[in-house]
Amino acid sequence: MMKIVPLILLLAFATLHPFIRIGHRGAYDYEPENTLRSFEKAIELGVDMIELDVYQCASHELVVMHDDDVDRTTNGHGPVEAKTLAQLKLLDAGKGEKIPTLQEVFDLVNRKVKINIELKGPHTAQATADLIYLYVNSKGWRFDDFYVSSFDHQELMRFHAACPQVKIGGLYESSRKPFAKKNYKSFYAIGVAKNSLTQKYIDRAHKKGLKIFAYTVNDADEIKKMKAMGVDGIFSNYPDKFGA
Ligand code: G3P
Ligand code: CA
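Now for a description of the structure that goes with this document. Keep in mind that this is a model prediction, so the values were computed, not measured.

## Focus: the coordination of the calcium ion (ligand 2)
Now for step 1: Bound to the calcium ion (ligand 2) are the protein donor atoms Glu 51 (OE), Asp 53 (OD) and Glu 118 (OE), situated 2.1 to 2.3 Å from the metal.
Now for step 2: Counting residues between consecutive donors of the calcium ion (ligand 2) along the chain gives the motif E-x1-D-x64-E.
Now for step 3: The class for Glu 51 is buried, based on a relative accessible area of 3%.
Now for step 4: Asp 53 gets classed as buried once you look at its relative accessible area, which sits at 1%.

Take a look at the structure:
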C-alpha cells in the first residue's frame, strides 16, 4: 500500500504534466530537415509534436525552411523570400524531396501529432494565423493542434493578436533574458538553448506558470538529465532517443 500511493501520485502528475517529445525539423538527423520525409519519420518514431520553420516566399505561400536562403539545404542559390513557390519547387531539398509548403505539412500530419510552427521570416504571423483558421474552421482541426514560437517576439505577438487561441512560446538563445520583458506573460512556454538552462531558472519559470522547452538535445543521457530537472519538452534531432 505504501508503495502504491506514491506510484499513483507519480502517474497522476505525469498525466497532468505530460512531457512533450518534439521532433526538431522533423527527424533532422535521419532525413533531410524540414521535408515531408523528415516529418513522416518523426511521426513514425513517436513524437508528440513536430517542429518546423517558416518563411513567406515571393508568391506569398508559407514555405518550410530553416535558413533565409536555399544554399545550405538545397541545390539552389539565393534568398527564399525572392523566389516564387514554382521556383522553390524545382529545387532538391535532399533525397529528391521538395521544399514543402506549410499547408502540405498540415495535410501530411493530419492531426496525428501537434505542429510547432516557428516564425522565422517576417510577414509570417498573419499568413500562419489565416492557415490555422482555415484548418480549424473547415477541416476539423483544433487550435490546440498547434503551437507557435519565434525568436522574433514582435512577429510572435502579431501572431498572438491575430490568433489568440493558439498557444505561443518565445525562443531565447540564453536563459538570462526571458523575464526582462513583459511579453512573457502571454507565453505558454519558453524555448531555451539547453546549455544555458539551470535548475533555478526552470523552477523560476514554473513558478511563473511557464513551460520550459529545451533545444536541441541529441544525447540520450542528456535528455534523461533534463527530464529529471523538470523541463516540459525537448527538441531533438533523434526522436528515437526520448525513451519512456
Ligand atoms: O525551436 C527550437 C529551435 O528550433 C530553435 O533553433 O535554429 O533550430 O530554429 P533553430
Ligand atoms: Ca526552429
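## As for the packing of aromatic side chains
We describe a pair of aromatic rings using the distance from one ring centre to the other and the angle between the two ring planes.
Now for step 1: According to the stated counting rule, one finds 13 aromatic pairs in the structure shown.
Now for step 2: Here the aromatic rings of Phe 151 and Tyr 215 are separated by 6.1 Å at their centres, their planes lie at 85 degrees, and the arrangement is edge-to-face. Of this pair, Phe 151 sits in the loop between β5 (146–150) and α6 (153–162) while Tyr 215 sits in strand β8 (residues 211–215), and the two are 64 residues apart along the sequence.
Now for step 3: Grouping aromatic residues by their ring pairs yields a cluster made of Tyr 147, Phe 151, Tyr 188, Phe 213, Tyr 215 and Phe 235.
Now for step 4: In this structure, Lys 167 packs its charged tip against the face of Tyr 188, placed 4.9 Å from the ring centre.
Now for step 5: The ring of Phe 19 carries Lys 227 above its face, with NZ or CZ at 4.8 Å from the centroid.

## Some remarks on the site of ligand 1
Now for step 1: In the neighbourhood of ligand 1, the contacting residues comprise His 24, Arg 25, Glu 51, Asp 53, His 66, Glu 118, Lys 120, Phe 151, Leu 171, Tyr 215 and Phe 235.
Now for step 2: One of the side-chain nitrogen or oxygen atoms of Arg 25 is found 2.8 Å away from an oxygen atom of ligand 1.
Now for step 3: Side-chain polar atom of Lys 120 to an oxygen atom of ligand 1: 2.6 Å apart, as the coordinates give it.
Now for step 4: Taken by itself ligand 1 offers 290 Å² of open surface, and the protein chains cover 90% of this.
Now for step 5: Grouping the amino acids of the shell around ligand 1 by side-chain chemistry returns four nonpolar, two polar and five charged.

## Some remarks on the packing of helix α5 (residues 125–138) against α6
Now for step 1: Contact pair α5 / α6: the axes reach a minimum separation of 8 Å and the direction vectors enclose 35 degrees. Crossing angle aside, the handedness with which α5 passes α6 is right-handed. Of the residues in α6, those touching α5 at Ala 125, Gln 126, Thr 128, Ala 129, Ile 132 and Tyr 133 are Glu 155, Arg 158, Phe 159 and Ala 162.
Now for step 2: Taken together, the residues that form the contact of α5 with α6 break down as six nonpolar, two polar and two charged.

Conventions used here
- Numbering of residues starts from 1 in every chain and runs along the sequence as written.
- To read the labels, note that chains go from A and ligands from 1, taken in the order they are written.
- Local features in this predicted model are restricted to residues whose pLDDT is 70 or higher, and side-chain atom pairs enter the listing and the counts only when it is 80 or higher, whereas totals over whole chains, interfaces and linings include all residues.
- Water and hydrogen atoms play no part in the side-chain values, which are based on all heavy atoms of the structure.
- With water excluded from the atoms, a metal site may look incomplete; its donors are any N, O or S atoms within 2.8 Å, or within 3.2 Å for Na, K and Ca.
- Accessible area is worked out with a 1.4 Å probe on protein chains only. A residue is then buried under 20% of its type maximum, exposed over 50%, and partly exposed in between.
- For Phe, Tyr and Trp, where Trp contributes only its six-membered ring, two rings pair if their centres lie within 6.5 Å, and the inter-plane angle classes them as stacked under 30 degrees, edge-to-face over 60, or tilted in between.
- Segments assigned H or I by DSSP are reported as helices when at least four residues long, segments assigned E as strands when at least two residues long, and all are numbered from the N terminus.
- For a ring to carry a charge above it, either NZ of a lysine or CZ of an arginine must fall within 6 Å of the ring centroid while also lying within 35 degrees of the normal to the ring plane.
- Residues are labelled near a given molecule or strand when at least one of their non-hydrogen atoms is within 4 Å of it.
- In protein, a polar contact requires one atom able to donate a hydrogen and another able to accept it; more generally it is a pair of N or O atoms within 3.5 Å, and residues adjacent in sequence count only if both atoms are side-chain atoms.
- Accessibility throughout is a Shrake-Rupley quantity obtained with a 1.4 Å probe, and a residue counts as covered only by protein chains that appear here.
- In this classification, the charged set is Asp, Glu, Lys and Arg, the nonpolar set is Ala, Val, Leu, Ile, Met, Phe, Trp, Tyr, Cys and Pro, and all remaining amino acids, among them Gly, are polar.
- Axis definition: a line fitted to C-alpha atoms, over the contacting stretch in the case of helices. Angles run 0 to 180 degrees between N-to-C directions.
- The sense of a crossing depends on the near helix, which, turned anticlockwise from the far helix by less than a right angle, makes the crossing left-handed and, turned clockwise, makes it right-handed.
- The contact criterion used throughout is that any non-hydrogen atoms of two residues lie within 4.5 Å.

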